[in-house]
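The lines below spell out each chain.
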Amino acid sequence: MANISREQLLHVANLARLELREEELERLEGQLNDILAAVSKVSELDLADVPPTSHPLDLVNVWDADEPYPCLTVEEALANAPEREGNYFKVPPGGA
Amino acid sequence: MTIDTLRLTAEDAARLVREKEVSGAELYAAYRAAIDARDPELHCYLHVCEDEGGDGLPIAVKDVIGTRGIPTTAGSKILENYVPVYDATVVKRFKSHGLRILGKTNTDEFAMGSSTENSAYGPTHNPWDPARVPGGSGGGSAAAVSAGLAPWALGSDTGGSIKQPSALCGNVGLRPTYGTVSRYGIVAFASSLDQVGPVARNVRDCAYLYSIIAGRDHCDSTTVDVPETVLPEGEDLTGLRVGVPTEFNEHEAIEPGVRDAVQRAIELCRELGAEVGECSLPRSVEYGLPCYYLIAPAEASSNLARYDGVRFGYRAHAEERLEMYQRTRDEGFGDEPKRRILVGTYALSAGYYEAFYGQAQKVRTVLIREHAEAFERFDVLVSPTSPTVAFELGAKTANPLAMYLSDLLTIPSCMAGLPGLNIPCGLSDGLPVGLQLIGPQLSENTLFRVGHALEQAIGFDPVPVRLR
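In this text the structure is predicted, and so the values were computed from the model without any measurement. (Residues numbered from 1 in each chain as written. Chains lettered and ligands numbered in written order. Predicted model: local features only at pLDDT ≥ 70, side-chain atom pairs only at ≥ 80, totals over all residues.)

**Quick look at the overall build of chain A**
Part 1 of the reasoning: A tally of regular secondary structure across chain A gives three helices and two strands.
Part 2 of the reasoning: For the C-alpha atoms alone, the extent of chain A along its principal axes is close to 50 × 45 × 20 Å.
Part 3 of the reasoning: Burial status across chain A gives 16% buried among its 96 residues. (Helix = DSSP H or I, 4+ residues; strand = E, 2+ residues; numbered from the N terminus. Buried ≥ 20, exposed ≤ 12 C-beta atoms within 10 Å, placed from the backbone.)

**Comments concerning the interface of chain A and chain B**
Part 1 of the reasoning: Taken residue by residue, the interface counts 47 residues in chain A and 57 residues in chain B.
Part 2 of the reasoning: At the level of secondary structure, the elements contributing two or more residues to the side of chain A that touches chain B comprise helix H1 (6-15) and helix H2 (22-39) of chain A.
Part 3 of the reasoning: Here the side of chain A that touches chain B gets eight residues from one element, more than from any other, and that element is H2 of chain A.
Part 4 of the reasoning: Among the residues making up the side of chain A that touches chain B, the classes are represented as 32 nonpolar, eight polar and seven charged. (Contact = placed C-beta atoms within 7 Å. Nonpolar A, V, L, I, M, F, W, Y, C, P; charged D, E, K, R; others polar.)

**Overview of the nonpolar core**
Part 1 of the reasoning: If you look at the biggest cluster of nonpolar residues, it comprises 146 residues, and the most contacted ones within it are Ile59, Ala144, Ala150, Ala153, Cys291 and Leu294 of chain B.
Part 2 of the reasoning: For this core, the leading source of residues is helix H9 (residues 284-303) of chain B, giving eleven residues.
Part 3 of the reasoning: For Leu294 of chain B, the residues in contact, after removing those within four places along its chain, are Val39 and Val42 of chain A together with Ala347, Phe356, Tyr357 and Ala360 of chain B. (Core = buried A, V, L, I, M, F, W, Y, C linked by C-beta atoms within 7 Å.)

**As for the packing of H9 of chain B against helix H12 (residues 354-377) of chain B**
Residues and elements named next belong to chain B.
Part 1 of the reasoning: Viewed as axis vectors pointing N to C, H9 and H12 meet at an angle of 135°, and their least axial separation amounts to 9 Å. When the axis of H9 is compared with that of H12, the two are oblique. Viewed along their axes, H9 and H12 form a crossing whose handedness is left-handed. Contacts between H9 and H12 pair Ser284, Tyr287, Gly288, Cys291, Leu294, Ile295 and Ala298 from the former with Phe356, Tyr357, Ala360, Gln361, Val363, Arg364, Leu367 and Glu370 from the latter.
Part 2 of the reasoning: Residue composition of the contact of H9 with H12, by class: ten nonpolar, three polar and two charged. (Axes fitted to C-alpha atoms, helices over the stretch in contact; angles between N-to-C directions. Parallel < 35°, antiparallel > 145°, perpendicular 65-115°, else oblique. Left-handed = near helix turned anticlockwise from the far one by under 90°.)

**Here we look at the environment of Pro245 of chain B**
All names here are of chain B.
Part 1 of the reasoning: Relative to the assigned elements, Pro245 resides in strand S7 (residues 241-245).
Part 2 of the reasoning: When the 24 C-beta atoms within 10 Å are taken as the criterion, Pro245 is described as buried.
Part 3 of the reasoning: The residues touching Pro245, leaving out its near neighbours within four places in the chain, are Cys279, Ser280, Leu281, Ala374, Leu381 and Ser383.

**With respect to the pairing of strand S11 (residues 431-438) of chain B**
Side-chain direction in a regular strand flips from residue to residue, so the side chains alternate between the two faces of the sheet.
Residues and elements named next belong to chain B.
Part 1 of the reasoning: Counting buried positions along S11 yields eight of eight residues, so the element is predominantly enclosed.
Part 2 of the reasoning: Bridge analysis of strand S9 (residues 380-384) against S11 gives four bridges, and the strand direction is antiparallel. Across the sheet, Leu381 pairs through a bridge with Ile438, a residue of S11.
Part 3 of the reasoning: Judged from the eight bridges that link them, strand S10 (residues 420-428) and S11 form a sheet pairing that is antiparallel. Bridge pairing in S11 links Leu421 to Leu437.
Part 4 of the reasoning: The hairpin formed by S10 and S11 contains two residues between the paired strands, and Asp429 there has a positive phi angle of roughly 55°. (Pairing = 2+ DSSP bridges.)

**Regarding helix H4 (residues 139-146) of chain B**
Given 3.6 residues per turn, any residue in an α-helix points the same way as the ones three and four places further on.
Part 1 of the reasoning: Burial within H4 of chain B is extensive, with eight of its eight residues counted as buried.
Part 2 of the reasoning: Of all the positions in H4 of chain B, only Gly139, Gly140, Ser141, Ala142, Ala143, Ala144, Val145 and Ser146 of chain B are classed as buried.

**Topic: the environment of Ala200 of chain B**
All names here are of chain B.
Part 1 of the reasoning: Tracing the backbone shows Ala200 in strand S6 (residues 195-200).
Part 2 of the reasoning: Of the residues examined, Ala200 has 26 C-beta atoms within 10 Å and is grouped as buried.
Part 3 of the reasoning: Along the sequence, Ala200 and Cys219 sit 19 residues apart, while their C-alpha atoms lie 27 Å from each other.
Part 4 of the reasoning: Once residues within four sequence positions are removed from consideration, Ala200 is found in contact with Ala10, Val145, Trp152, Asn171, Val172, Asp205, Cys206 and Leu209.

**So, the confidence of the model for chain B**
Part 1 of the reasoning: For chain B, the mean per-residue pLDDT works out to 97, and 100% of the residues sit at or above 70.
Part 2 of the reasoning: Listed scores for the predicted complex are pTM 0.98 and ipTM 0.95. (pLDDT = per-residue confidence, 0-100.)

**Let's talk about the sheet that holds strand S8 (residues 275-279) of chain B**
Residue and element names in this part refer to chain B.
Part 1 of the reasoning: A sheet is described by the order of its strands in space; here eleven strands give the open sequence S1-S3-S2-S4-S6-S5-S10-S11-S9-S7-S8, paired in mixed fashion. At either end of the open sheet lies a strand with only one pairing partner, and these are strand S1 (45-48) and S8. Each strand of the sheet is rotated relative to its neighbour by a mean of 30°, with strand direction disregarded.
Part 2 of the reasoning: Sheet analysis places strand S4 (residues 152-157) next to S6, joined by six bridges and oriented antiparallel. Of the residues in S6, the one forming a bridge with Asp157 is Gln195.
Part 3 of the reasoning: Those strands touched by helix H15 (residues 444-458) are strand S5 (172-175), S9, S10 and S11, and its axis lies near 15° from that of S10.

**Considering the environment of Asn81 of chain B**
Residues and elements named next belong to chain B.
Part 1 of the reasoning: With respect to the helices and strands, Asn81 occurs in the loop between strand S2 (58-62) and helix H3 (89-96).
Part 2 of the reasoning: Note on Asn81: 13 C-beta atoms within 10 Å, which makes it partly exposed.
Part 3 of the reasoning: With 233 residues separating them in the primary sequence, Asn81 and Tyr314 have C-alpha atoms 7.4 Å apart.

**So, unusual backbone geometry**
Part 1 of the reasoning: Residue Ser137 of chain B is reached from Gly136 of chain B by a cis peptide bond, and omega for that bond is 10°.
Part 2 of the reasoning: Position of Ser137 of chain B among the secondary structure elements: in the loop between strand S3 (100-105) and H4.
Part 3 of the reasoning: Even without glycine at this site, Arg17 of chain A takes up a positive phi of about 55°.
Part 4 of the reasoning: Assignment of secondary structure puts Arg17 of chain A in the loop between H1 and H2.
Part 5 of the reasoning: Judged by the 21 C-beta atoms lying within 10 Å of it, Arg17 of chain A falls in the buried class.
Part 6 of the reasoning: Phi is positive for Lys20 of chain B, which is not a glycine, with a value near 60°.
Part 7 of the reasoning: With respect to the helices and strands, Lys20 of chain B occurs in the loop between helix H1 (10-18) and helix H2 (24-42).
Part 8 of the reasoning: The exposed category is assigned to Lys20 of chain B, around which 8 C-beta atoms lie within 10 Å.

**Considering the packing of H9 of chain B against helix H11 (residues 335-348) of chain B**
Residues and elements named next belong to chain B.
Part 1 of the reasoning: Running from N to C, H9 and H11 cross one another at 95°; their axes reach a closest spacing of 7 Å. Viewed along their axes, H9 and H11 adopt a mutual orientation that is roughly perpendicular. Together, Leu294, Pro297, Ala298, Ala300 and Ser301 of H9 and Arg340, Ile341, Val343, Gly344, Thr345, Ala347 and Leu348 of H11 make up the contact between the two elements.
Part 2 of the reasoning: In the contact of H9 with H11, the residues fall into eight nonpolar, three polar and one charged.

Structure representation (structure tokens):
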């Protein structure tokens, strides 16, 4: 049975770049444990010899013609930027 | 002439315009008037457009589908001010047929949900009973079609988001075979599952809209060549082999009224000439749901990493970058995306990957094999689409697992990349019951043929009783 501790939850939240507030941690912790308990059901099956499926179609090496076609302009690409400087997306300094 | 948007099919609307009985402007205005009259109560639309002219039919578009110059929020606060600078391929395709956008329809945030209650902009109400949910995630598109606020609509489906709301609203919805419709320009949720598909008032309209959007797209390398769509005619099902999977029809979660309506439809298949037989897919229902709720969140945790406040979407103020990412995502995402990001990140993290994500991928293979085996004996499989009729708003919001059960019967075929069609097959307690038809990959024409034949034989009136 899976059980996620507060420490693990904070670790996973950090990996996902989610800053969870205290009241959210309280609420989500119980719900996540219920969900993980339910999905753990997949471990009941012995599937050692079964290959995994990552994708439902039998496609291998899809090629496209090597020809240029129109793409976004710089202005279009920056149109939704929260903050820009010249032709760059601007972000606060430091951190990971 | 008066245009009754509640009854008019897209096919008839096109004919009226072609024969100059009504102008394109009058047609568009009729739907706008219906929206003005009924949408304040139902909240199907997040954004309503202005007529840009032309004679093409109007269409509603789920708000996870990118539309150039028209806000596209995916039902999330994190995309509140996002205005795409390009059209999704499906939008380009329907525009090339002259179709005109009526507006963007409500959805659970990032299409994660089964009731449209997870929308950051408030829920949509079911046109049959506004105290009830329209299903989800595409509740806005399904409710809009049933309430006469659009002749047809586009939805998207990851684990049931087209079929289940169509079932709960009493109309026709197709989740196409994985790979037949381009996802380029769609807000991604779980890329090995996401499909775009049509919602319509009847099967012929559904088939026609599918023919417009389906086809290979060089911008989406998962698309394949698609057989030509045949618009269905006639009622004869002679020679068709209909399978009734026990686990999909006798699960304890299925309400008696739903089971009865579906049993009558199965009996009709026999009367129309089909051979009906039972079959078993022993692990698909039992393990489909846990398999889905590992794979979809795992893929979502990766897809939603792009919402970091850098290039588009909401950004929270912070002095330092890591803090900016974390606060942006905490303030921008609602509870359901957060739950799925956390479950997905956990299932993919070191030490848990094999037991969770790896094992779920193997279960997926089992589901694919079970379906393939059934299709050696049958052309289509039938079952209820949703185990229940529309439930009351708020009934399941506090319990995510209870909400997840809504997709119990739609999920297995989605995992296998198979097409599924919902058609209404009757009422239970005055609310629509949906019948699910599943076929092998690329069998859309068979589903249209069976769906159309049953639709004629059932004679379901798709107009909600309270609006007649």
